[in-house]
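Letter by letter, the chains look like this.
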Amino acid sequence: MAELGSAALLVTLGLSVYALVAGAAAARLGRRRLALSAQNALVAAFFSTLVASAVLLAALVDSDFSFNYVARTTSEALPTQYKIAAFWGGQEGSLLFWLLVLTAFGALAVRLNRGWARDLIVWAVPVFAAVAVFFSFLVVAVASPFQTQPPPPDGTGMTPSLQNPYMIGHPVFLYLGYVGLTVPFAFALGSLLSGRTDERWLIATRRWTLFAWAALGIGQLLGAHWAYVEVGWGGYFAWDPVENAALMPWLAATAFLHSVMIQEKRGMLRVWNVLLVLLAFSLALFGTFLTRSGVLNSVHSFTQSSIGPWFLAFIALTVAVSLTLLFRRLPQLRSPTRLESPVSREAAFLYNNLLLLALCLTILWGVVYPLLSEAVRGETAVLGRSYYDFFLRIFGLPLLLLMGIGPLIAWRKASLRSLVTTFRWPTTVALVTGGVLVVLGAGSSVPGLVAYTFSAFVMATIVTEFVRGTRARKALGSASWPGAFHSLISRNRRRYGGYVVHAAIVLLAIGIAGSSAFDTVAEAKLKPGQSMDVGRYTLAYRSLEERQVSNATEIRATLAVSRGDRDLGTLEAGKNAYTIEQQVSNEVGIRSDRLTGEDLFVIADQIDLDGSVYFRVFVKPLVNLIWMAGLVFVLGSVIALWPDAREQRRLVARAREVGVPATR
Amino acid sequence: MTEALILAALLAVVCVVVVALPFLKEPEPESDSLDELDEGERRRLELLESRDRSLAALKELEFDHRTGTISDDDYRTLVGPLRREAASALQALEREAGMPPSNEDGEGRPPAGRS
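Analysis parameters
Throughout, a residue's number is its position along its own chain's written sequence, starting from 1. As they are written, the chains are lettered A onward and the ligands numbered 1 onward, keeping that order. Local features in a predicted model are, by the rule used here, given only for residues with pLDDT of at least 70; side-chain atom pairs are given and counted only at 80 or more, and totals for whole chains, interfaces and linings are based on all residues. Put simply, DSSP marks the helices as runs of H or I at least four residues long and the strands as runs of E at least two long, and each gets a number from the N terminus on. Values of the radius of gyration come from C-alpha atoms, whereas the globule rule sets the reference at 2.2 Å times the count of residues to the power 0.38. Backbone-placed C-beta atoms define the burial measure: a residue is buried with 20 or more other C-beta atoms within 10 Å of its own, exposed with 12 or fewer, and partly exposed in between. Residue pairs are scored as contacts if the distance between their C-beta atoms, which are placed from the backbone, is within 7 Å. Domains are outlined according to an automatic or database domain assignment. Known as pLDDT, the predictor's per-residue confidence is scaled from 0 to 100. To get an axis, a line is fitted to the C-alpha atoms, and for a helix only the part in contact is used. The angle between two axes follows their N-to-C directions and goes from 0 to 180 degrees. Each angle receives one of four descriptions, namely roughly parallel if under 35 degrees, roughly antiparallel if over 145, roughly perpendicular if within 65 to 115, and oblique otherwise. Less than a right angle of anticlockwise turn of the near helix away from the far helix marks a crossing as left-handed, whereas a clockwise turn marks it as right-handed. Classes in brief: Ala, Val, Leu, Ile, Met, Phe, Trp, Tyr, Cys and Pro nonpolar; Asp, Glu, Lys and Arg charged; the others, Gly included, polar. One less than the residue count of a helix, multiplied by 1.5 Å, gives the span that helix is expected to have. Between any two strands, pairing holds if DSSP finds at least two bridges. Remark: nonpolar core denotes a set of buried Ala, Val, Leu, Ile, Met, Phe, Trp, Tyr and Cys residues whose joining runs through C-beta atoms within 7 Å.

Across its full length, chain A holds 21 helices and 9 strands. Taking 26 Å as the expected radius of gyration for a compact globule of 664 residues, we find that chain A reaches 27 Å, a close match to that expectation. By principal-axis analysis of the C-alpha atoms, chain A measures approximately 80 × 75 × 55 Å.

Okay, structure coming up:
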């Protein structure tokens with residue numbers, strides 16, 4: 001069936017080219033039926049890509065090794081869920097997945113907004129189509145997942161570290177995020193192309209940006225937990241270029257989600273918002289380029305890579321076209337209002353934007369510098385963890401503080417007297433927390449102490465906002481306190497969903513500070529019967545066991561864990577030796593304390609033939625708050641994303657008032 | 001191979017029909033022009049956006065004042081300009097529509113289209 005897959009992709013390419021050409025012509029010449037036809041082509045492109053994806057999935061599940069891609073990424077013994085995950089696990093499959101999500105999002109965004117922004121959609125369609133042309137060209141002509149070969153007896157299998165349930169969720173969320181950023185980009189560019197620089201492109205894409213941003217955030221947290229439990233080095237984020245690839249567009253999108261509010265409330269930052277959307281989309285493309293071109297292995301592997309030069313050319317073209325258009329529309333994008341005071345909510349959002357952008361560009365430089373140094377000087381100079389950690393503190397801590405300041409300042413300007421009154425409680429809570437922590441000995445890490453103090457400040461502002469808001473809603477006529485709370489959130493989901501997300505970021509900051517600034521590490525080579533101490537824990541090495549599972553040999557060391565006189569049970573740590581892949585992975589042992597959020601993390605680094613094991617053990621205070629932050633983040637995102645029927649009705653009514661026709 | 005090619009041809013035909021659908025449904029339409037906004041409509045859209053922005057800002061200011069996030073002094077300083085902005089947008093909209101302006105605060109006529 002490879003022929004069907006190839007043909008379906010060829011159809012997608014044809015439809016995308018048609019949607020680009022016909023869509024652009026329709027928009028330029030003002031032809032209604034041609035514009036509708038281009039929109040239909042985008043929808044049809046989704047269905048033809050769906051057919052191609054179904055063909056590839058069927059081949060993966062059936063282990064049809066006549067597909068070169070299937071043979072390279074799976075094996076007969078690979079569990080079915082990982083065979084499915086191989087769809088996005090390799091280069092060609094992931095590009096097809098990009099295309100599938102892109103065409104789906106394009107068709108959906110057109111459908112959802114045609115009731116009130118039809119004249120804008122006409123210009124967004126060719127932009128969607130242009131991106132679809134690029135990706136469909138790649139999977140048709142450069143990196144096809146449907147190349148065939150005489151089938152080998154078995155495939156080469158999947159990298160052991162990828163054989164993890166997170167392989168099913170983590171990449172999918174990241175791709176949803178990367179591709180989701182195409183929607184604001186397409187509408188922003190459509191707005192520039194058409195000269196309709198009113199706010200409709202912002203409103204049309206607000207939820208899409210939020211969705212893409214939330215998906216990227218969830219994807220990164222899943223990836224962090226995956227690295228923590230599977231990769232086996234004792235951490236969850238290593239500033240690896242692949243991790244940075246997802247973090248950069250997330251930071252740019254975070255900046256946009258804040259600055260877009262300034263445009264909505266004050267009509268300011270119009271150029272800045274277009275620039276942020278362009279940056280977020282370009283970084284999403286750059287992220288895909290980083291992870292898929294082979295450039296991270298070596299600059300030379302990039303030049304030999306089939307897709308690398310194409311990607312770089314497309315990114316350059318995207319940036320050049322977007323900036324040219326932006327420059328042409330500058331007079332129309334001039335803001336009617338100015339920043340009235342450096343002490344105002346919009347100013348706080350602006351500082352937040354500058355810090356986020358500075359962090360984003362610092363990370364970008366950290367990713368690009370080794371590549372440039374290799375290309376120019378022939379040797380790779382890597383910017384290590386200390387570089388990133390330094391700038392995370394420099395930009396991250398003020399960002400954390402601003403999360404608490406922003407919600408309490410008025411739009412336009414705030415008086416000093418008002419600030420003193422508003423900040424009284426949060427500041428008191430923060431200072432008391434800081435003082436107590438110093439007494440408890442947390443002063444050993446100044447950045448950690450500052451992070452905790454700022455976190456207390458932000459959490460106090462969030463609680464204050466919810467309490468005051470609920471009280472006001474009750475006073476305005478809500479029958480009960482839960483009713484008032486519900487009314488508060490449902491009347492302004494973005495604001496209060498945003499506060500919940502801020503609470504998640506605070507939990508994240510506490511978890512990161514606790515587990516990195518206040519952790520304990522111990523290493524020892526033990527024979528069965530020997531023990532070691534780490535922090536308040538004692539670990540006694542009991543035995544070593546070997547067992548066979550379907551695709552690997554598992555070796556596990558069992559340790560008895562105790563704290564003081566209290567027996568805490570046993571823990572297993574070891575290695576898996578994968579037969580087909582001929583690779584060995586670390587399988588760590590983790591004991592979580594649900595009450596304190598602390599983890600005891602054991603790595604069996606080296607296992608000798610005589611049964612002795614070299615153990616590396618970490619005690620990570622509060623690390624589980626990071627994963628709890630993920631759940632709170634999802635909750636906040638869902639609140640903010642929840643459809644607002646009142647707003648939709650208002651937008652349609654506004655469109656009717658101005659004469660934008662209803663859907664035909 | 002043949003089966004795959006037949007399916008591929010079928011897919012291509014269906015896609016062509018879907019793409020051609022607007023022309024098949026309306027072979028000879030009364031008008032094939034896109035519904036473009038003219039200069040006046042664009043101006044009206046800007047005014048509506050400005051009106052909605054001011055009214056939303058007023059609503060938020062009122063609520064923040066009620067919760068205590070905004071002090072009485074700050075509220076008094078901020079509410080005036082916001083009311084004037086809203087009034088000015090409403091009056092401009094009325095002028096555009098050729099209607100007599102509402103009272104001097106511009107608060108006489110409820111904005112259309114808002115719930």
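Following the structure, the description resumes.
For the rest of this paragraph, the subject is the overall build of chain B. Along chain B, the regular secondary structure elements total 3 helices and 0 strands. Along the chain direction, N to C, the helices and strands of chain B fall in the order α-α-α. When each of the 115 residues of chain B is scored for burial, the buried share is 27%. A separation threshold of at least 6 residues defines the contact pool for chain B, and within that pool the share at least 24 residues apart is 48%.

Another aspect to go through is the domain arrangement of chain A. A common way to express how large an interface is: the accessible area buried when the components associate. Residue and element names in this part refer to chain A. Partitioning chain A into domains gives domain 1 (1-158), domain 2 (166-407), domain 3 (415-518 + 633-637) and domain 4 (520-620). For domain 1 and domain 2, the distance between their C-alpha centres works out to 24 Å. Listed as interface residues are 27 residues of domain 1 and, on the opposing side, 28 residues of domain 2. Among the elements of the structure, α4 (80-85), α5 (91-113) and α6 (118-142) are those that each provide at least two residues to the side of domain 1 that touches domain 2.

Bringing the confidence of the model for chain B into the picture now. All names here are of chain B. When pLDDT is averaged along chain B, the result is 80, and 84% of the positions lie at 70 or above. Taking the mean pLDDT of every element in chain B, the minimum, 86, falls on helix α2 (residues 39-67) and the maximum, 92, on helix α1 (residues 2-25). Between residues 104-115, whose pLDDT stays under 50, and residues either more than four places distant or in other chains, the model counts 24 contacts. Scoring the predicted complex yields pTM 0.90 and, for the interface, ipTM 0.78.

Residues and elements named next belong to chain A. Between helix α10 (residues 241-266) and helix α14 (residues 345-377), the shortest axis-to-axis distance is 9 Å and the interhelical angle comes to 160 degrees. In terms of orientation, α10 lies roughly antiparallel with respect to α14. You can see that α10 and α14 cross each other, and the crossing is left-handed. Class assignment for the residues of the contact of α10 with α14 results in 16 nonpolar, 7 polar and 2 charged.

Its 28 residues give helix α1 (residues 2-29) of chain A an end-to-end C-alpha distance of 40 Å, which sits within 8% of 40 Å, the value for a rise of 1.5 Å per residue. A large share of α1 of chain A lies buried, amounting to 21 of its 28 residues.

Let us look at the interface of chain A and chain B. Between chain A and chain B, the residue contacts involve 52 residues of the former and 46 residues of the latter. Sort the elements by how many residues they give to the side of chain A that touches chain B and helix α2 (residues 32-61) of chain A lands first, with 11 residues. Grouping the amino acids of the side of chain A that touches chain B by side-chain chemistry returns 23 nonpolar, 11 polar and 18 charged.

All names here are of chain A. Pairing is antiparallel across the open sheet formed by 4 strands, whose spatial order is β1-β9-β8-β7. Looking at the sheet topology across the chains shown, the edges are occupied by β1 (520-526) and β7 (589-593). Averaged over all pairs of adjacent strands, the angle between strand axes in this sheet comes to 15 degrees, irrespective of strand direction. Examined bridge by bridge, β7 and strand β8 (residues 598-607) share 5 bridges and lie antiparallel to one another.

Taken as a class, soluble globular proteins show a tendency for nonpolar side chains to be buried jointly. All names here are of chain A. Core analysis: the biggest nonpolar cluster contains 222 residues, and A19, L42, A252 and A280 have the highest contact counts within it. In terms of residue count, the dominant contributor to this core is helix α9 (residues 200-231) (18 residues). Of all hydrophobic cores here, the second largest spans 19 residues; its members include Y541, V602, F615 and F618.

Adjacent strands of a sheet form backbone hydrogen bonds with each other and so pair up, either parallel or antiparallel. All names here are of chain A. Spatial ordering of the open sheet is given by β2-β3-β4-β5-β6, a layout of 5 strands whose pairing is antiparallel. Either end of the sheet is taken by a strand with one partner, and the two such strands are β2 (531-534) and β6 (583-587). Strand-to-strand twist in this sheet, taken as the mean axis angle between neighbours without regard to direction, amounts to 30 degrees. In this structure, strand β5 (residues 566-578) lies alongside β6, joined through 5 bridges in antiparallel fashion. By the bridge assignment, K575 is partnered in β6 with N586.

Attention now goes to the environment of F390 of chain A. Residues and elements named next belong to chain A. Of note, F390 is situated in helix α15 (residues 385-405). Among the residues examined, F390 registers 12 C-beta atoms within 10 Å and is labelled exposed. Along the chain, F390 and V549 lie 159 residues apart, while their C-alpha atoms are 44 Å from each other.

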